[in-house]
Amino acid sequence: MVRISIIGMGLIGTSLGMALRSAEASESPLGALEVVGWDRDQRAVKEARGRLAIDREARTLAEAVRDAQIIVVATPVRAIREVFAQLGPLLASGTVVTDVASTKAEVSRWAATLPSGVAYVGGHPMAGKEKAGAKAADPELFNGAIYCLTTGRSTPQAALEAVEAMVRTVGAKPYYIDPEEHDVYVAGISHLPMLLSVGLVEITGRSPAWKEMAALAATGFRDVSRLASGDPEMHRDILMTNRDGLKRWINEMISFLLEVRDQVDEGDAEDIEALLQRVREQREGWLETRPGLRPGEDAFLHQPEPERRNLLTFRLPRRRP
């Protein structure tokens, strides 16, 4: 039996535990699993246990990782550095550590502090909700989703296979990517949209006319402002650990808004209509080609099913007749 320890029982950690525990052992690449959960907030652990996300509650970090083969760090991004430091003395050689952080380059650098013999594989499931916490967890959250994996030159193949097997067990699709490249991409398609949502709520909410405007706000405002309901701690850490990638896209958006402002001010109806038509066609094309696919991912759609494996050999021993 493979033991997986999840550190941090928020939305992603609890959803991951629920998905792992609901998987059929006979169909999972990892076989039978035991899921242990820990969070500095014991109420979150109890909530996760009540939602059947974990088999066992741990009262301490040391208890949580004892005898675990795979450890998933599902804390806010900036807390991962301290968690890695605390994990160091507790881990046996051969343990595989992964995470679910929305940024990867800085977390990969922090992972270099893990002791020799402990393997790290970065992870980021491209799935989530605007609601936070174990109460919002969903075992289907990862089903069909892209799950980014980042590695280093010295990452053991067995560690890659172990984390990929976990990803496939929860129904997600592994997508290997360079950490820096990952951060630049998600800054544009995930982090900038969150910031734009926050900005919309901020500038309208600070208006003296907000009370009157609020009565008029309908589905357009609701849809664009949805991401502003996300976890403030998580979003703060995303912004603080992806500054370079995000700065580029913020500058691009500022230039775009200034350009459109000038077109509106000058009454340039032809250029504005051309812009609106162009982006409408671009978005419709994106929707028609399955929005869950990343460039090149179609090559992964018809892969053969992996054989069931255990963590150490990834081949089940033959049973005696």
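Numbering of residues starts from 1 in every chain and runs along the sequence as written. Note on the predicted model: pLDDT of at least 70 is required for a residue's local features to be given, and 80 or more for side-chain atom pairs to be given and counted; whole-chain, interface and lining totals, by contrast, use all residues. Just so you know, side-chain values use all the structure's heavy atoms and leave hydrogens and water out.

Peer 1: How would you explain the environment of Lys211 if you had to name every residue and give the values?
Peer 2: The helix and strand labels rest on DSSP assignments: H or I over at least four residues marks a helix, E over at least two residues marks a strand, and numbering proceeds from the N terminus. As for its placement among the helices and strands, Lys211 is situated in helix H8 (residues 210-216). Here's how the labels work: a residue is buried when its accessible area is under 20% of the maximum for its type, exposed when over 50%, partly exposed in between, all with a 1.4 Å probe on protein chains only. According to the relative accessible area criterion, Lys211 is exposed, its value standing at 73%. Here the alpha-carbon distance between Lys211 and Asp39, two residues 172 residues apart in the chain, equals 40 Å.

Peer 1: Tell me about the pattern of salt bridges, and name the residues and values.
Peer 2: By definition here, a salt bridge exists when the distance from a side-chain nitrogen of Lys or Arg to a carboxyl oxygen of Asp or Glu is within 4 Å. Under the criterion given, the structure shown has 17 salt bridges. As a salt-bridge pair, Asp55 and Arg21 come within 2.8 Å of each other at their nearest N and O atoms. Here Arg21 lies in helix H1 (residues 11-22) and Asp55 lies in the loop between helix H2 (42-50) and strand S3 (56-57), a separation of 34 residues in the sequence. The class for Asp55 is partly exposed, based on a relative accessible area of 28%. Here Arg21 falls in the partly exposed class, since its relative accessible area comes to 34%. Here the salt bridges share partners, and the residues they tie into one network are Arg3, Glu34, Arg56, Glu63 and Asp67.

Peer 1: Pulling in residues and values, what's your account of helix H7 (residues 179-205)?
Peer 2: Given the number of residues in a helix, its expected span is that number minus one, multiplied by 1.5 Å. When the terminal C-alpha atoms of H7 are compared, their 36 Å separation across 27 residues agrees well with the 39 Å that a helix rising 1.5 Å per residue should span. Here the bend at a residue means the angle between the axes of two seven-residue stretches, the one that ends at it and the one that starts at it. In the structure, H7 departs most strongly from a straight axis at Ala187, where the bend amounts to approximately 55 degrees. Three or more residues of H7 are buried, namely Pro179, His182, Asp183, Val186, Ala187, Gly188, His191, Leu192, Met194, Ser197 and Thr204.

Peer 1: Just give me the short version of the packing of H7 against helix H11 (residues 243-265), but keep the residues and values in it.
Peer 2: The interhelical angle for the contact between H7 and H11, taken along N-to-C directions, is 60 degrees, at an axis separation of 9 Å. One way to sum up the angle between H7 and H11 is to call them oblique. By crossing handedness, the relation of H7 to H11 is classed as right-handed. Contact with H7, carried on its side by Val184, Ala187, Gly188, His191, Leu192, Leu195 and Leu196, involves Gly245, Leu246, Arg248, Trp249, Ile250 and Met253 of H11 and no other residues of that element. Tallied by class, the residues present in the contact of H7 with H11 amount to nine nonpolar, three polar and one charged. Where helices are involved, their axes are fitted lines through C-alpha atoms of the stretch in contact, as for all axes, and angles between N-to-C directions lie from 0 to 180°. Roughly parallel here means an angle under 35 degrees, roughly antiparallel means over 145, roughly perpendicular means 65 to 115, and every remaining angle is called oblique. Should the near helix be turned anticlockwise from the far one by less than a right angle, the crossing is left-handed, and should it be turned clockwise, the crossing is right-handed. Note on contacts: a residue pair is in contact if any heavy atoms of the two residues lie within 4.5 Å. Only Asp, Glu, Lys and Arg are considered charged in this grouping, and only Ala, Val, Leu, Ile, Met, Phe, Trp, Tyr, Cys and Pro are considered nonpolar; every other residue, Gly among them, is considered polar.

Peer 1: Can you break down helix H10 (residues 232-241) residue by residue, with the values?
Peer 2: Turning to H10, its buried residues number three or more, namely His235, Asp237, Ile238 and Thr241. Projected down its long axis, H10 carries its buried residues within an arc of 160 degrees, all on one side. Where H10 is buried, its residues contact helix H4 (79-87), helix H5 (105-110), H7 and H11. Pairs of N or O atoms are called polar contacts if they sit within 3.5 Å, as long as, within protein, a hydrogen donor faces a hydrogen acceptor (for residues adjacent in sequence, only side-chain-to-side-chain pairs). Capping of H10 at its N-terminal end is provided by Asp231; its side-chain oxygen lies 3.1 Å from the backbone amide nitrogen of Glu233. Arc definition: it is the arc formed by the directions from the helix axis to the C-beta atoms.

Peer 1: I'd like a description of the nonpolar core, backed by residues and values.
Peer 2: Joining through side-chain atoms within 4.5 Å is the link that ties buried Ala, Val, Leu, Ile, Met, Phe, Trp, Tyr and Cys residues into a set, and such a set is a nonpolar core. Core analysis: the largest hydrophobic core is formed by 40 residues, its most contacted members being Ile4, Ile6, Leu16, Leu20, Val72, Phe142 and Met166. Listing elements by their share of this core, those giving two or more residues are strand S1 (2-7), H1, strand S2 (33-38), H2, strand S4 (70-73), strand S6 (119-125), strand S7 (146-150) and helix H6 (157-169). The element that contributes the greatest number of residues to this core is H6, accounting for seven residues. Those residues in contact with Met166 that sit more than four places away from it in its chain are Ile4, Leu16, Leu20, Leu30, Ile70, Val72, Thr98 and Tyr147. Counting residues in each nonpolar core, the second largest holds 24 residues, with Ile7, Leu61, Val83 and Val97 among its members.

Peer 1: Tell me about the confidence of the model for the protein, residues and numbers included.
Peer 2: For every residue, the predictor states its confidence as a pLDDT score lying anywhere from 0 to 100. Per-residue confidence for the protein gives a mean pLDDT of 89, with 90% of residues at or over 70. The spread of mean pLDDT over the elements of the protein runs between H10, the lowest at 92, and S4, the highest at 98. Note that residues 299-321 has pLDDT below 50 and, in this model, 35 contacts with residues that lie over four places away or in other chains.

Peer 1: Before we move on, can you summarise the packing of H11 against helix H12 (residues 269-288) with the specific residues and values?
Peer 2: Relative to each other, H11 and H12 sit at 140 degrees, their axes nearing to 8 Å. As summarised for this structure, H11 and H12 are arranged oblique, according to the angle between their axes. Once H11 is placed against H12, the crossing between them reads as left-handed. Touching Phe256, Val260, Gln263 and Val264 of H11 are Asp271, Ile272 and Leu275, all from H12. A class-by-class count of the residues in the contact of H11 with H12 yields five nonpolar, one polar and one charged.

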